[in-house]
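Secondary and tertiary structure notes
The lines below spell out each chain.
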Amino acid sequence: MNKKQLFSGPFLAFILCGTLVPLGVIAFYGLTDRSGAFTVDNILSIATPEHAEALLLSLGLALISTVICLLLAFPLGLILKDSKLGQKGFMVFIFILPMWMNFLLRTMAWQVLLEKNGVINNVLGAIGLPALEIINTPAAVVLGMVYDYLPFMILPIYNALIKIDKNVIEAAYDLGANYRQVLSKVIIPLSLPGIVSGVTMVFVPSLTTFAVSNILGGGKVNLIGNIIEQEFTTSFNWNLGAGLSLVMMIFIIISMALIEKFDRNGEGNLI
Amino acid sequence: MKKTFKGLYLALIVFFLYLPIFTLMVLSFNEGKTMNAWVGFSLKWYEEMFNNRQIMEALGNTFTIAFWSATIATIVGTIACIGINAMGEKKKSIIMGLNNIPLLNADIVIGISLMLTFLMFGISLNYGTVLFSHITFCLPYVILSVMPKFKQLQNLTYEAALDLGATPVYAFFKVVLPDIMPGIISGFLLAFTMSVDDFVITHFTRGAGINTISTLIYSQVKVGIRPTLYALSTVIFVIVLVVLIAINIMSNKKKEKNI
């Protein structure tokens, strides 16, 4: 063995102590009861109506948010790619900038805007329009998710789009394709890796969040993340919380496998 | 027609992205306590914010944790890349696979699993546990930023340095380090921002007394938002804006130089 390989020792220690052992510990808690005896009850409890409903709602809202982000970000990426503005880098910067701001502050801002006596309703009231009552509903949570995670969809899609060789697109036009055909046969397939990593980066945090649903859902929208968090901070049933986390991990793995299937090139760029 | 539609689309998304941020900005200068009416211009929420011990402590914690975790992760990660680079293909791909686990895993699972591990081994949650957790999730970003630079590196220059009588350490600092520096810097910046932005992992691994900006905001939003948070939000936005513009200008200048 090459002595140089020893340099990776500290890193491997962090992987072992900070990733592998904790995954083992969470699996241990998830598969035991309070006395430490083996049980699968924590896993099976996902089937109880309360938990199943939360999981389904999480999957639904995460899916809706991801689709909305994709529908907003893809045309945006196309426009930015085609724009002949001299300050293209600056334009992209404007769309990415909110990503660097603390996401709790950004979520809080929507609470301020959407509240019953919030800014939006004050403006609507002043011009004689009916009040918007979406705070503490799933719609507000979706809005928050889209707002928080949209830049994570814009960045990889834009990066994939600008990498497409202009000649390929021109060749398609020369060969008689119309805009729709170019879009569906050339641009979308070539930007697929970007779309895939964007979808992953929006779907996973949306599926597992508890902060967004807590702030904008006002305790009325219970996602699987909220249920798990409550097991650790209020109910103190760690075994159940760990078991539900394992179930959630399975769903993350399944959805990523599904997403990866669309990525024919298999090179989703994570960052 | 098509052009105006495109412009309108861009404008709408910019409006959507910035409306909440600018609303908080305007409200932070409002003298009144509620968000319903504009009472008058005032800087009192800024004064209250800077005098608020909790907020200042949380700000301090956020940046010291980010600085130390990014620094340690950058050093450990860069050294690790030397080792990984010396490995065979099979070993390398196994390690890169392990490196991907924290990147793909959900924050809530990372946070809970670390918390359970600390408590299982009798480690009480405090500043140190938060720091350790942050180093753990920052490391993969450093590895992913530095590893590609090693691949581009030409081993010949390093060997030439050795042939010319340099010690391996001297050759590393004189020949290898300058070449991989851009990767190290971007890894550090990425790790730093990930650490500053983290809420979920800190939420589970912090002890009762430790707050970062994120955990402080979360606990305050639950009991009722005070305008001091609007002031905090504005200050953070301005800091982020200035830092990012400075980084952009610096990297642009560097590019010009290289050309």
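Since this is a predicted model, take the numbers as computed values, not measurements. (Residues numbered from 1 in each chain as written. Chains lettered and ligands numbered in written order. Predicted model: local features only at pLDDT ≥ 70, side-chain atom pairs only at ≥ 80, totals over all residues. Heavy atoms only, no water.)

This part takes up the overall build of chain A. If you tally the helices and strands in chain A, you get 13 helices and zero strands. Secondary structure elements of chain A, listed N to C terminal, follow the sequence α-α-α-α-α-α-α-α-α-α-α-α-α. Seen through its C-alpha atoms, chain A measures out along the principal axes to roughly 75 × 70 × 35 Å. When each of the 271 residues of chain A is scored for burial, the buried share is 51%. Counted over contacts in chain A with a minimum sequence separation of 6, partners at least 24 positions apart contribute 70%. Across chain A, the 15 positively charged side chains and the 16 negatively charged ones have centroids separated by 11 Å. (Helix = DSSP H or I, 4+ residues; strand = E, 2+ residues; numbered from the N terminus. Buried < 20%, exposed > 50% of the residue type's maximum accessible area, 1.4 Å probe, protein only. Contact = heavy atoms within 4.5 Å. Lys, Arg positive; Asp, Glu negative; His and termini not counted. Charge placed at Lys NZ, Arg CZ, Asp CG, Glu CD.)

Residue and element names in this part refer to chain B. Across its 16 residues, helix α4 (residues 89–104) extends 22 Å between first and last C-alpha, which sits within 8% of the 22 Å expected from 1.5 Å per residue. Of the residues making up α4, those classed as buried are K92, I95, N99, P102 and L103. Down the axis, α4 shows its buried residues gathered within 105 degrees of arc, on one side only. Residues of α4 that are exposed and point more than 90 degrees away from the buried face comprise K90 and I94. (Expected span 1.5 Å × (residues − 1). Arc of directions from axis to C-beta.)

Let us now look at the confidence of the model for chain A. All names here are of chain A. Summarising the model, chain A shows a mean pLDDT of 86, and 94% of its residues fall at 70 or more. Looking across chain A, the model is least confident in helix α4 (residues 88–96), with a mean pLDDT of 79, and most confident in helix α3 (residues 49–82), with 93. Predicted confidence for residues 265–271 stays below pLDDT 50, and this span has 16 contacts to residues more than four positions away or in other chains. (pLDDT = per-residue confidence, 0-100.)

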